[in-house]
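Close look at the chain arrangement
Listed below, chain by chain, are the residues.
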Amino acid sequence: MTERERLLEKYSARVYKNRKDHIVQLEETLDPRSIAANTRAIPGVMTARGCCYAGCKGVVVGPLKDVAVITHGPVGCGFYSWGTRRNKAKPDEHTDKNFVPYCFSTDMQESDIVFGGEKKLEKAIEEAVALFHPTCIMICTTCPIGLIGDDVQAVARRTEEKYGIKAIGYSCEGYKGVSQSGGHHIANNGLMKYVIGTGDKQPKTKFSVNILGEYNIGGDGWEESRILKRCGIEVVNMFTGDASYESLKSAHLAGLNLVMCHRSINYIAEMMKTKYGVDWLKVNFIGVGATVKSLREVAKYFGDAELSARVEDVIADETAAVYDDVEYYKSRLTGKTAGIFSGGSRSHHYQTLLADFGMETVIAGYEFAHRDDYEGREIIPQIKEDADNKNIESITVEPDSEFYRTKYSPEEIVALKDGEYGIELDDYGGMFPEMDDGDVVVDDYNHFETDELIRLMKPDIFLSGIKDKYSIQKAGVSSRQIHSYDYSGPYAGFRGAVNFGRDLTMALYTNAWAFVTPPWKHEPMLEGRIGE
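The numbering scheme is per chain: residues are counted from 1 as the chain's sequence reads. Restriction of local features to residues with pLDDT of at least 70 applies here, the model being predicted, together with a cutoff of 80 or more for giving and counting side-chain atom pairs; totals for whole chains, interfaces and linings are based on all residues. In computing side-chain properties, one takes all heavy atoms of the structure into account and sets aside hydrogens as well as water.

Put simply, a patch holds well-exposed residues, over 30% relative accessible area, that have no salt bridge, with like charges counted together within 9 Å and Val, Leu, Ile, Met, Phe, Trp or Tyr side chains within 5 Å. Only the protein chains shown count as cover for residues, with accessible areas throughout obtained via the Shrake-Rupley method and a probe of 1.4 Å. Every case where a carboxyl oxygen of Asp or Glu lies within 4 Å of a side-chain nitrogen of Lys or Arg is listed as a salt bridge. On the surface, Trp520, Met525 and Leu526 cluster together into a nonpolar patch covering about 410 Å² of accessible area. A run of H or I in DSSP counts as a helix once it spans at least four residues, and a run of E counts as a strand once it spans at least two, with each numbered from the N terminus. Its place among the elements puts leucine 526 in the segment after helix H20 (493–509). Only protein chains enter the calculation, and the probe is 1.4 Å; a residue is then buried if its accessible area is under 20% of its type maximum, exposed if over 50%, and partly exposed in between. Judged by relative accessible area, which is 77%, leucine 526 ranks as exposed.

Written as structure tokens, this is what we have:
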């Protein structure tokens, strides 16, 4: 019996029917490139997913530093999404605005739910403008707002008329869609409709890029920017780590989009390709080997011999600087196994970094992925929309008459993708192709499956989120919080790989939980007697 079968046999018939297609063991299926994803979690199952609001506010628009992002709803929703992802930001040279450390909320009470909250929202906006003078106001709604019908788009229009600043309302109530993925889509739509393409600030250098799906957790984006700058490549924007409303306005003028987190930002990558002709390249700056590969592909795209030579010089210098540290941590980590559940395409990314240290990923999956995140974009035409996904607006764009331009002809694009050193241009192959036979892939994992997979697969370390971190540790297995790096980082690039190796080594060799026997394993936690 395979590990997958042992995991599923514990379920009732109803739950088994739902979960069987979400769990794949790559050696025991005739078609390893097939998995169920982006469907509703079973009510009552302890899923690790977040909600639509979390995807919109907590992931995509929350890191914008010159924007007052107001949560319109109960204060708990705003507090939950405040400061949890460690999106780092610094004020720009020409402004002192950085609102990332703040939490803006309308703090809706019961009476506001009964009588409506638009007036309270407008009062909150008035206070935010008076106190902070933001460049832009963004309003993110939570579940009660969708139920009572507050028109946040109308409030946004009135805000623009009253204060003369940009205001955007996002109807991203938590219950929309099936996970935070719906919120990513809503946020992407809003940025394309109202922000990208409204500026005219040209890049300063010949080679310019946006890094899409980089939220600068623990300073990842700064490390990526440092490396690219050394190569002579200008980072116009990160979407949206350490970014601003002002900078995003001119994102369409960059020469190339680099996509890190595929799921949270591929909508913008595709729409910018259609509207402005900006190609996108799937990259991975997590891991030494992956960073080297991505830098070479960027250089190949721009097709400049001097740039390629400079990239090779930077690669040689950076790898030499970290070589001794990487080899030391590799000597401590080689042969260890890991389970990893992160978002976007990060579970895929971190497998390459683990491999740099001689570690094998035996369990992997995503919380909110779609099938193409696992299987590659070639299966997108086969994905059927259901009612849940139709709740999220899919906007269409046309080529812009003023700004649309292309660098390569369709024939040249094919040559870049399919040549001897083909690059992943306007495409993503997904996570499956780089996983081995016997590995278990789980979509929308839950607490029960986490416990069972640890028991069955016996990973040495488990990389996931805060919702299951401590239950994993109490099971005697080392755990690292990969969503916010347990207050460490950065983990991107060459220096980030060293930080990651250090943190894994500390976790594995000072695993205090492995030496603790929980009291419930040797004595009852509850005692009672039958009444007379």
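As a further point, take the packing of helix H10 (residues 220–231) against H20. In the contact formed by H10 and H20, the axes pass within 8 Å of each other and the chain directions differ by 140 degrees. Classified by the interaxial angle, the pair formed by H10 and H20 is oblique. Along its contact with H10, which presents Glu223, Arg226 and Ile227, the element H20 presents Gly493, Phe494 and Arg495. For this classification, the nonpolar set comprises Ala, Val, Leu, Ile, Met, Phe, Trp, Tyr, Cys and Pro, the charged set comprises Asp, Glu, Lys and Arg, and every other residue, Gly included, is treated as polar. Grouping the constituent residues of the contact of H10 with H20 by class yields two nonpolar, one polar and three charged. Each axis is a line fitted through C-alpha atoms, and for a helix only the stretch in contact is used; angles between axes span 0 to 180 degrees, taken between their N-to-C directions. Throughout this description, any angle smaller than 35 degrees is read as roughly parallel, any larger than 145 degrees as roughly antiparallel, any in the 65 to 115 degree range as roughly perpendicular, and the remainder as oblique. Only heavy atoms matter for contacts: two residues are in contact if any of them lie within 4.5 Å across the pair.

Attention now goes to the nonpolar core. Working definition of a nonpolar core: buried Ala, Val, Leu, Ile, Met, Phe, Trp, Tyr and Cys residues. They are joined through side-chain atoms within 4.5 Å. The biggest cluster of nonpolar side chains holds 113 residues, and the ones touching the most others in it are Met138, Tyr170 and Phe500. Considering every element that reaches this core, the biggest residue donor is helix H14 (residues 305–333), with eight residues. Ranked by size, the runner-up nonpolar core spans 20 residues in total, among them Leu7, Tyr11, Val15 and Val362.

Two strands qualify as a pair provided DSSP detects at least 2 bridges between them. If you trace the six strands from one edge of the open sheet to the other, you get E1-E12-E11-E10-E13-E14, paired in mixed fashion. With one partner strand each, in any of the chains shown, strand E1 (23–25) and strand E14 (478–481) form the two edges of the open sheet. Recorded for the sheet is a direction-independent mean angle of 15 degrees between the axes of neighbouring strands. For E1 and strand E12 (residues 440–443), the ladder comprises three bridges, and the chain directions are antiparallel. Bridging across to E12, isoleucine 23 finds its partner in valine 442.

With parallel pairing, four strands are arranged side by side in an open sheet as E3-E2-E4-E5. With partners counted over all chains shown, the strands left at the sheet margins are strand E3 (104–105) and strand E5 (166–170), one partner each.

Using the criterion set out here, one finds 34 salt bridges in the structure. Residue lysine 176 is joined to glutamate 173 by a salt bridge in which the shortest nitrogen-to-oxygen separation is 3.3 Å. The buried category is assigned to glutamate 173, whose relative accessible area is 5%. For aspartate 372, the salt bridge is made with arginine 263, and the minimal N-O distance between the two is 2.8 Å. You can see aspartate 372 sitting in helix H16 (residues 371–375) and its partner arginine 263 sitting in helix H12 (residues 262–276), a full 109 residues away along the chain. One exposure class covers both aspartate 372 and arginine 263, and it is buried.

Across the junction of phenylalanine 239 and threonine 240, the peptide omega takes the value 5 degrees, indicating a cis bond. Relative to the elements of secondary structure, threonine 240 occurs in strand E7 (residues 234–240). Backbone geometry places aspartate 444, a non-glycine residue, at a positive phi of 55 degrees. Positionally, aspartate 444 belongs in the loop between E12 and helix H18 (447–457). Taking the relative accessible area as the measure of exposure, aspartate 444 reaches 4% and is therefore buried.

Turning next to the packing of aromatic side chains. Centre-to-centre distance and the angle between the planes together describe a pair of aromatic rings. Pairing of aromatic rings covers Phe, Tyr and Trp, the last through its six-membered ring, and needs centres within 6.5 Å; plane angles under 30 degrees mean stacked, over 60 mean edge-to-face, and all others mean tilted. Enumeration over the complete set of coordinates arrives at 19 aromatic pairs. If you follow arginine 332 out to its NZ or CZ, it ends over the ring of tyrosine 509, 4.0 Å from the centre. The rule for a charge over a ring is simple: NZ of Lys or CZ of Arg within 6 Å of the ring centre, and within 35 degrees of the ring normal.

Right, let's talk about a negative patch on the surface for a bit. Only four residue types enter the charge count, namely Lys and Arg as positive and Asp and Glu as negative; His and the chain termini do not. Note on charges: their place is set at NZ of Lys, CZ of Arg, CG of Asp or CD of Glu. Side chains of Glu27, Glu360, Asp436 and Asp437 sit close together on the surface and give a patch of like negative charge. The topology assignment puts glutamate 27 in the loop between E1 and helix H3 (52–61).

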